[in-house]
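Report on the structure
Okay, here's what each chain looks like letter by letter:
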Amino acid sequence: MTIAIIGAGLSGTLTAIHLLQNAASGTTVYLIEPDRYRMNRGVAYSSQLPFQPLNVPASAMSLFADEPLDFFNWLEAHAQLYKRQISLPVQITDFIPRTIFGDYLKARLQEAEAGAAKGVSLVRVYEEALSVARQGRHFTIDCSNQCTLSANKVVLAMGNFPPALLPIPNKSFYKSQRYVASPWSAKGLSGLQTHESLLLIGSSLTMVDLVGSLQAQGHKGKVYVVSRHGLLPQPFDVSTRPYPKTAIPEGAYQSALSLFRFVRQEIKQAEAAGYPWRSVLDALRDDIPVLWQSLPEKEKKAFLRHIRPYWEVHRHRMPASSAALLQELQEKGQLEVIAAAVLDMRETESGARVSIRRRHYQETEEIEVGRVINCTGPQCDYTQVEAPLVRQLLADGLTQPDVLRLGIKTTPGGKLIDASGKPVSGMFTLGPPRKGMLYESTALREIRQQAKALAHRLLRQGKATLEVAKTS
Ligand SMILES: Cc1cc2nc3c(=O)[nH]c(=O)nc-3n(C[C@H](O)[C@H](O)[C@H](O)COP(=O)(O)OP(=O)(O)OC[C@H]3O[C@@H](n4cnc5c(N)ncnc54)[C@H](O)[C@@H]3O)c2cc1C
């Protein structure tokens with residue numbers, strides 16, 4: 001059996017690890033990734049920016065749910081290699097640089113490859129997959145450089161696409177040197193003058209990383225942060241103690257408001273018993289996919305419109321040291337966070353002029369900066385993604401976007417749903433593309449469960465197909 005995994009970030013690589021650990025002789029796994037440095041790191045763990053900490057402590061970054069300290073133990077064993085990047089001795093509460101997590105992921109794949117059963121092989125393909133076509137029981141994958149692969153099963157692990165363009169009238173600004181489309185690349189900050197001013201659009205964790213990176217490279221200029229609500233991620237508290245799981249009442253599943261009320265009520269009770277709000281959100285985390293799937297579509301939309309900004313800043317928290325840095329910069333006046341909508345942007349002789357309208361105000365204002373960086377988060381609307389493979393899959397009806405435009409439609413097990421609404425036999429996805437179906441589907445905690453379950457499913461199906469072929 002041959003399984004082609006398209007994309008070798010965390011989702012693709014971890015699926016490959018489980019396949020290699022469990023496959024029987026005669027299994028080939030193709031891991032397809034065009035970018036050499038992203039191979040087994042993906043977007044999140046390959047960044048060359050100077051300040052890129054994981055957004056959860058070392059204790060929560062194991063690749064394996066049943067070995068919760070695997071990352072920490074690996075890190076301790078290799079700590080000397082990283083003594084310039086981390087403080088020693090390493091603690092489970094430390095926020096480790098993301099590239100080190102990338103090294104861990106790569107190392108665990110190499111071990112799985114070395115320990116795989118005889119006749120099981122991993123082939124790394126350094127190409128971009130451009131199209132997937134179904135031919136009877138097989139799939140043909142056309143890649144860049146005229147390479148064509150054939151596989152029985154396909155896993156789409158394409159992860160995070162660069163942020164969406166804002167709908168401004170002056171679209172020509174997007175071709176300007178003053179505009180940085182992808183906030184995760186070190187190119188975004190290269191050549192920056194020490195006193196050059198910047199506008200970061202979006203106030204989530206990516207913005208926090210960029211502000212940290214700017215400080216690390218000695219930037220002294222003004223940094224404006226504009227987002228619709230102007231909310232910053234809440235700080236992490238590593239001393240948060242676990243809150244016992246509560247049964248979620250039936251009523252909470254009915255509407256976004258009832259869900260919101262339930263969470264608030266639970267937090268009130270928890271606080272009375274000495275638990276902080278963070279403990280309640282952490283305890284609810286594993287229930288989110290079930291809650292989300294139970295909410296009626298209209299209520300999911302209401303959640304996205306009214307509750308999401310507040311939910312996100314509490315759920316995706318920043319290290320306390322980053323919170324302290326942001327506060328210090330705000331107090332010095334070097335960082336200004338503005339709740340506003342960006343109306344338009346244009347290039348000027350010396351930089352960029354950005355029109356904004358502050359939240360709850362009618363007047364427009366203009367900000368002059370040297371550079372604008374889009375930190376609004378990965379593009380999730382597949383109809384707007386320009387990648388050739390996504391366009392082809394949509395055009396050929398092998399996939400369809402989910403109704404909320406947060407990813408693509410899948411079955412509960414991650415099988416793609418085609419344009420006519422039928423599951424596509426043999427084609428699966430995991431991680432960020434499943435956000436519309438599960439809501440919580442982009443972080444390691446969810447991806448590690450999905451990757452393990454998917455690998456076992458692929459191998460079970462492969463075995464069944466082999467047995468049918470033998471008896472017929
Ligand atoms: C900047 C950033 C930081 C994050 N930090 C954390 C964190 O600290 N902790 C946490 O739990 N989560 C974090 N996340 C969440 C993150 O989504 C997941 O942890 C995880 O990295 C997602 O992995 P992925 O493989 O699905 O996607 P990606 O990392 O996006 O990898 C997808 C890969 O697919 C490749 N690809 C795409 N299209 C094709 C194609 N057509 N052919 C071949 N290859 C293709 C891409 O080049 C890429 O390497 C972070 C996310 C981002 C964006």
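How each quantity is defined
- Residues numbered from 1 in each chain as written.
- Predicted model: local features only at pLDDT ≥ 70, side-chain atom pairs only at ≥ 80, totals over all residues.
- Near = placed C-beta within 6 Å.
- Helix = DSSP H or I, 4+ residues; strand = E, 2+ residues; numbered from the N terminus.
- Nonpolar A, V, L, I, M, F, W, Y, C, P; charged D, E, K, R; others polar.
- Core = buried A, V, L, I, M, F, W, Y, C linked by C-beta atoms within 7 Å.
- Buried ≥ 20, exposed ≤ 12 C-beta atoms within 10 Å, placed from the backbone.
- Contact = placed C-beta atoms within 7 Å.
- Pairing = 2+ DSSP bridges.
- Axes fitted to C-alpha atoms, helices over the stretch in contact; angles between N-to-C directions.
- Domains from an automatic or database assignment.
- Arc of directions from axis to C-beta.
- Expected span 1.5 Å × (residues − 1).
- Parallel < 35°, antiparallel > 145°, perpendicular 65-115°, else oblique.
- Left-handed = near helix turned anticlockwise from the far one by under 90°.

Regarding the site of the ligand
Residues in close proximity to the ligand total 34 residues, the closest being Gly7, Gly9, Ser11, Gly42 and Gly159. Where the shell around the ligand is concerned, the elements lending two or more residues are helix H1 (10–22) and helix H12 (444–471). Broken down by element, the residue count for the shell around the ligand peaks at three residues, all from H1. Considered class by class, the residues forming the shell around the ligand number 19 nonpolar, eleven polar and four charged.

With respect to the nonpolar core
With 70 residues, the main nonpolar core has Ala4, Ile5, Ile6, Leu20 and Val154 as its most contacted residues. Beyond its immediate stretch of four places on either side in the chain, Ala4 contacts Tyr30, Ile32, Phe139, Ile141, Leu149, Ala151 and Val154. Core analysis: the next-biggest nonpolar cluster, separate from the first, contains 34 residues, Leu189, Leu198, Leu199 and Leu205 among them.

Description of the sheet that holds strand S5 (residues 138–143)
Sheet architecture is open: three strands sit in the order S4-S5-S6, paired in antiparallel fashion. The two strands at the open ends of the sheet, each matched to only one other strand, are strand S4 (129–135) and strand S6 (148–151). When strand polarity is set aside, the average angle formed by the axes of neighbouring strands in this sheet is 20°. Both S5 and S6 contribute to a ladder of four bridges, which runs antiparallel. Bridge pairing in S6 places Ile141 opposite Leu149.

Structural notes on the domain arrangement of the chain
What the domain assignment reports for the chain is domain 1 (2–52 + 97–160 + 380–471), domain 2 (163–234 + 317–376) and domain 3 (250–315). Centre-to-centre separation of domain 1 and domain 2, based on C-alpha positions: 33 Å. Across the boundary between the two partners, domain 1 contributes nine residues, which contact nine residues of domain 2. Of the residues that constitute the side of domain 1 that touches domain 2, the class distribution is four nonpolar, four polar and one charged.

Some remarks on helix H10 (residues 388–395)
Of the residues making up H10, those classed as buried are Leu389, Val390 and Leu393. Down the axis of H10, the smallest arc covering the buried residues is 100°, so these residues share one side. Tucked into the core, H10 has its buried residues touching S4. Following H10 by one or two positions, Gly397 has its phi on the positive side, about 70°.

Quick notes on the environment of Asp209
Residue placement: Asp209 occurs in helix H4 (residues 205–216). A count of 23 C-beta atoms within 10 Å places Asp209 in the buried class. In this structure the C-alpha to C-alpha distance between Asp209 and His316, which are 107 residues apart in sequence, comes to 13 Å. In this structure, Asp209 is in contact with Leu49, Phe51 and Gln52, ignoring residues within four places of it in sequence.

Some thoughts on the pairing of strand S12 (residues 335–347)
In the sheet, strand S11 (residues 223–227) pairs with S12 via five bridges, with the strands oriented parallel. Its bridge partner being in S12, Ser227 is matched across the sheet by Ala339. Bridge count for S12 against strand S13 (residues 352–358) is seven bridges, and the pairing is antiparallel. For Asp344, the partnering residue across the bridge sits in S13 and is Ser355. Linkage of S12 to S13, two consecutive antiparallel strands, is achieved through a turn of four residues.

With respect to unusual backbone geometry
Outside of glycine, negative phi angles account for most residues, and trans bonds account for most peptide bonds. Here the residue pair Leu88 and Pro89 is connected by a cis peptide bond, since its omega of -5° sits within 30 degrees of zero. Among the secondary structure elements, Pro89 is positioned in the loop between helix H2 (70–78) and helix H3 (98–114). The backbone phi angle of Asn145 is positive, close to 60°, even though this residue is not glycine. Relative to the elements of secondary structure, Asn145 occurs in the loop between S5 and S6. Overall, the presence of 10 C-beta atoms within 10 Å leaves Asn145 in the exposed class.

Re the sheet that holds S13
Sheet architecture is open: seven strands sit in the order S9-S15-S10-S11-S12-S13-S14, paired in mixed fashion. Each having just a single partner strand, strand S9 (179–180) and strand S14 (365–369) make up the two edges of the open sheet. Where H4 meets the sheet, it contacts strand S10 (198–201), S11, S12 and strand S15 (371–374), and its direction lies at approximately 180° from that of S11.

Here we look at H4
Look at H4: 16 Å from first C-alpha to last across twelve residues, which is about the 16 Å you get at 1.5 Å a residue. By the criterion of burial, H4 is predominantly enclosed, with nine of the twelve residues buried. Taken together, the buried positions of H4 are Leu205, Met207, Val208, Asp209, Leu210, Val211, Gly212, Ser213 and Leu214. Elements in contact with the buried residues of H4: S10, S11, helix H9 (320–332), S12 and S15. Backbone geometry just after H4 places Gly218 at a positive phi near 80°.

Comments concerning the packing of H4 against H9
Contact pair H4 / H9: the axes reach a minimum separation of 10 Å and the direction vectors enclose 70°. Considering their axes alone, H4 and H9 lie roughly perpendicular with respect to each other. Crossing of H4 against H9: the hand is left-handed. Here H4 contributes Val208, Val211, Gly212 and Gln215 to the contact with H9, which in turn contributes Ser322, Leu325, Leu326 and Leu329. Each residue belonging to the contact of H4 with H9 can be placed in one class, and the counts come to five nonpolar, three polar and no charged.

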